[in-house]
Every structure is written in structure tokens, then in C-alpha cells.
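Structure assessment
Read off the chains here:
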Amino acid sequence: MGDKSNNSLDDIFTRALSGRSLYKDRNALRSDYIPSKLPFREKQIISIGETLAPLLHGSKCSNLLIYGKTGTGKTAVAKYVLMKLSEKASTRNLKIKFAYSNTRVAGTEYRLLFDVAQYMGLSVPFTGLAIGEVFARIISAINSSIITLILVLDEIDFLVKNYGDNLLYELTRANEQLPKGYLSLIGISNDLKFKEFLDPRVLSSLSEEEIVFPPYTAEELKAILYDRSKIAFFDDTITEAAINLCAALAGSEHGDARRALDLLRVSGEVAEREGAPKVEERHVRTAVQKIEQDRMVDALRSLPLQAKILLWSIISSGEANSTGEIYERYSNICHKINVEVLTQRRVSMLLSELDLLGLVTTNLVSKGRYGRTKKINPSINLQFVREVFSEDPIMNSLL
Ligand SMILES: Nc1ncnc2c1ncn2[C@@H]1O[C@H](COP(=O)(O)OP(=O)(O)OP(=O)(O)O)[C@@H](O)[C@H]1O
Ligand SMILES: [Mg+2]
């Protein structure tokens, strides 16, 4: 055993030293990489360009809402067009700037405005000011330097669902306080439900123009992966079959380019770790499992304590249980570790969340003339859950 692991460690170091890697440019597979060509998005690129072009001759432009499913190129295309626009503007000495904030990554309204201030080169402390104060500083900077600011709010649904539409309302009205500069908004979302949370005035202002990004077909994904693999991998280090499989697997869901590129990246890592000279189909298959497992680990880690306890009461019993049996086990565990016991009703809500995450499955079992009853089965391995939960000190005391 000792010998074997020494050997493989030796292998890893030797390979690293010999510098043999499959990757020419690993960064090209990162999710924030913006390629110099974005095939199959010509129409969307032109539409965004046409919406913004009036700014180049000092006119106003419409606000814009971009939407489409995840991985359809919204973020990449928006950043690409804005980069091109900024380049054009700077050759003409036009004061057009753009600011970008992903509202989910930013997390709070303050952090969002902080991002904007950073893009504008304003110095604003990381915390501490009132939101209104940061907002006022941004508006006053636009006005005093007579700038046109294009503000991109990516994953805008997060902002609206968590904070309502106050900030958006202020932003859509900002031009009324701007005698000189100009503020234009681009919202991006993969979930249109947020529109229901918007005041009709905010909605009509934000969606003066709308552009839809359709999912990619498997053929399109294949072409995107070919282009990207030429940048990312050395010649002859990835087979056509492996690329096709990544495209087919990602295309079978909804044409998500991010998923396709993630598969390609992880497949490359699997092949490299194995010391294989080429990425092949079998590496892609291992990558699929690895990605699924990582997703499970993330899902398990981020469960709230009550959901962890509930899952543990299902999984540790070893057999399918009725909701009543589970509630009893769950309550016992809560008593044992001194945690509040939730009501049956709340527990069954947690149960359906665990079901949605794919951690348990619920079956209706017929009990003859006594009607039907629900049986809950874990759909995840006990040992696996134990490993992840052992990182949580409270859960660890139970395992
Ligand atoms: N037409 C394309 N050509 C090349 N690469 C693309 C294309 N469309 C998307 N990509 C790549 O796919 C990945 C996902 O794209 P992007 O981040 O723009 O998706 P998105 O629509 O913003 O998804 P989400 O809604 O989840 O934010 C990125 O790495 C991007 O570079
Ligand atoms: Mg995006």
C-alpha cells in the first residue's frame, strides 16, 4: 500500500517536472473567459450593438433586458459588446463608461453599488456608508464629469427577489436628476419570474428593449467546443469523440454551453491526472460522475442544520420509512443534541426540498384497502453523507 501510493506520488511529481501537460491554455476553459469569437450569437450581438449605438453620437438609448436559459452566452455576449463599444468610444474620446455587477455575486445592494463605484474609479469604502450616500456619489460623478454610464446588472433576478425593486426604481429614474450625464441600464436574467415583482413603471422602463438568447443545439455546442479546445489544448491531445460526447451530453439537457465547457475542462483534468496522452470518451464519462458528485457535496454542505438532521434520520435508518417514522426519528435526534423540534408541517416542507435536490425519493405505496402511504428512500450513499457531514461540528457529534 505504502509503496503503491509512493509510486503514484512519484508519478505525479515526475510528470509535473517533465512539464507534460495537455493544456496549452487552461484559462480558456474558465467560466469567465471571453473568447474573441462568439459564434451563433451574431443576431444578439448586432441587436445589442444597435440598441447602444445612439450613445456614440451623444443620443440617448433604450434600456435593455436580456434573457435566456443558463449557459446561453448572455454574460459573455454582453461583456463582449461593451468591450467593443468602449474601444470605439475611447478612440473618439467619448466619455462612455460601463460598469458591471453580478447581483448574486455582489449579494447586497451596498456591494452592488460598491462594484459600480469601483468601475467608475470612485473611492468608496467597502462598508460603512448609507446606501443612499453611495448612490448619490455615483450620480454626482456621472453628472459632474458628464459621463454616459452603461450599467449592467447581471443575474438581476437575485436583486429583485431578495431586495425588491427600490434600487431599480431609483436607477430607472436617475436620469431625471442628471442635467448633464446619462445612465443606461442593461439587465440580464435566466429567470423571467422576477418581472412579477417589479412595479409596472420599473418594468416598462427596464424592458424598453428585450433580447432573447435561445439554447444552443448539440451541433452548435460541438462547434463551440471545437473552437475552445483549439485554444485550450495542445494539438492531438483531445479526441474528436470526446468533444462530441461533451456536446451531446450538454445538448441533451437544454443546450448549456457552460455545462459543455465544464465537462471538457474536467475531462481534461481526469485524463491529465491519469497521465493519459489524450482526452478520450472514457475520461468524459468519469468527468460526468465527478461533476455530479461535486454537485452533491455542495448541496449537502449548504443544507441548513434542520435539513441535515432530517436527512440523517432518513439515511441512518437503512430502510424506506413512512413520514411518521421519520418524524419520530428526527424528533429523537433533535432532543439528543438539544435542537428545536420543528412541526410535522415544516418537516414535510423540508422533506420536499430534499426531494427537489435529489437527495431522497418519495414513493406512494399502496396499502390495499387502507389507502396509500408515502415511503421515503435516501437516494444517496450513507458513507458519502457521513464524510460531508463530519465537517459540521454539530452533525459530527451524531455520526
Ligand atoms: N457562442 C459562444 N461561443 C463561444 N463560447 C460561448 C458562447 N456562448 C457561451 N459561451 C461560453 O459558455 C460559457 C457560459 O456562457 P455565459 O456565462 O455567457 O452564459 P449565461 O447565459 O450568462 O449563463 P447564466 O444565465 O448561467 O449566467 C462561457 O464560458 C462562455 O464563454
Ligand atoms: Mg451569466
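Residues numbered from 1 in each chain as written. Chains lettered and ligands numbered in written order. Predicted model: local features only at pLDDT ≥ 70, side-chain atom pairs only at ≥ 80, totals over all residues. Heavy atoms only, no water.

A word on the sheet that holds strand E3 (residues 148-154). Taken in spatial order, the five strands line up as E2-E3-E4-E1-E5 in an open sheet, and their pairing is parallel. For this open sheet the edge positions go to strand E2 (96-102) and strand E5 (209-213), each flanked by a neighbour on one side alone. Averaged over neighbouring strand pairs, the angle between their axes works out to 15° when direction is ignored. Here E3 pairs with strand E4 (residues 182-189) via six bridges, running parallel. Looking at the pairing, leucine 153 lines up with glycine 187 of E4. Relative to E5, helix H2 (residues 42-52) is tilted by about 165°, and along the sheet it contacts strand E1 (64-68), E3, E4 and E5. (Pairing = 2+ DSSP bridges. Helix = DSSP H or I, 4+ residues; strand = E, 2+ residues; numbered from the N terminus. Axes fitted to C-alpha atoms, helices over the stretch in contact; angles between N-to-C directions. Contact = heavy atoms within 4.5 Å.)

Of all residues adjacent to ligand 1, which total 22 residues, the nearest are Pro39, Thr70, Lys74, Thr75 and Tyr216. Between an oxygen atom of ligand 1 and a main-chain N or O atom of glycine 73, the distance comes to 3.1 Å. A distance of 2.9 Å separates an oxygen atom of ligand 1 from a polar side-chain atom of asparagine 190. The class makeup of the residues in the shell around ligand 1 is nine nonpolar, seven polar and six charged. Counting contributing residues per domain, the shell around ligand 1 is built from domain 1 (2-23 + 216-299) and domain 2 (42-213), each supplying no fewer than three. (Near = heavy atom within 4 Å. Polar contact = N/O pair within 3.5 Å; in protein donor to acceptor, adjacent residues only side chain to side chain. Nonpolar A, V, L, I, M, F, W, Y, C, P; charged D, E, K, R; others polar. Domains from an automatic or database assignment.)

Attention now goes to the nonpolar core. Within the largest apolar cluster, 35 residues are counted, with the highest numbers of intra-cluster contacts made by Leu112, Val116, Met120, Leu151, Leu168, Leu171 and Leu183. Elements that contribute at least two residues to this core include exactly helix H5 (109-120), helix H6 (131-144), E3, helix H7 (156-163), helix H8 (166-173), E4 and helix H9 (200-206). Looking at this core, the element that brings in the most residues is H5, giving seven residues. Not counting residues up to four positions away in its chain, the partners in contact with leucine 171 are Phe135, Leu151, Leu153, Leu183 and Leu185. (Core = buried A, V, L, I, M, F, W, Y, C linked by side-chain atoms within 4.5 Å. Buried < 20%, exposed > 50% of the residue type's maximum accessible area, 1.4 Å probe, protein only.)

Side chains that differ in charge, positive against negative, can pair when their charged atoms come close. Taken as a whole, this structure holds 18 salt bridges when the rule is applied. Between glutamate 176 and arginine 173 there is a salt bridge, and its shortest N-O distance comes to 3.1 Å. Judged by its relative accessible area of 34%, arginine 173 falls in the partly exposed class. Lysine 290 is the partner of aspartate 294 in a salt bridge, and the nearest nitrogen-oxygen pair spans 3.6 Å. With aspartate 294 and lysine 290 both in helix H13 (residues 281-301) and four residues apart, this pair spans about one turn of that helix. What makes lysine 290 partly exposed here is its relative accessible area of 29%. Linked by salt bridges that have partners in common, Asp157, Lys161 and Asp191 make up one network. (Salt bridge = Lys/Arg side-chain N within 4 Å of Asp/Glu carboxyl O.)

Let's shift gears to the side chain of histidine 283. With respect to the helices, strands and loops of the structure, histidine 283 is situated in helix H13. There is a polar contact of 2.9 Å between the side chain of histidine 283 and the side chain of glutamate 274. Setting aside its immediate chain neighbours within four residues, histidine 283 contacts Ser267, Val270, Ala271, Glu274, Ala276 and Lys278.

Time to look at the sheet that holds strand E6 (residues 321-322). Sheet architecture is open: three strands sit in the order E6-E8-E7, paired in antiparallel fashion. With one partner strand each, in any of the chains shown, E6 and strand E7 (360-366) form the two edges of the open sheet. Sheet topology places E6 next to strand E8 (residues 372-378); two bridges connect them, and they run antiparallel. If you follow asparagine 321 over to E8, its bridge partner there is isoleucine 376. Strands in contact with helix H14 (residues 305-315) are E6, E7 and E8; relative to E8, the strand with the most contacts, it is inclined by about 100°. Across the sheet, helix H16 (residues 344-356) is in contact with E7 and E8; its angle to E7 comes to roughly 110°.

What follows concerns the domain arrangement of the protein chain. On domain assignment, one finds that the protein chain holds domain 1 (2-23 + 216-299), domain 2 (42-213) and domain 3 (303-396). If you average the C-alpha positions of domain 1 and of domain 2, the two centres end up 36 Å apart. Overall, the association of domain 1 and domain 2 removes approximately 420 Å² of surface from exposure, summing both partners, and the carbon and sulfur fraction of that is 46%. Looking at the side of domain 1 facing domain 2, the largest losses of area belong to Tyr216, His254 and Arg258, adding up to 79% of the total buried there. In this assembly, domain 1 and domain 2 are joined by zero salt bridges. Linking domain 1 with domain 2 are four residue pairs in polar contact (both at pLDDT 80 or more). Residues that form the side of domain 1 that touches domain 2 fall into these classes: two nonpolar, two polar and two charged. (Buried area = accessible area lost by both parts, 1.4 Å probe.)

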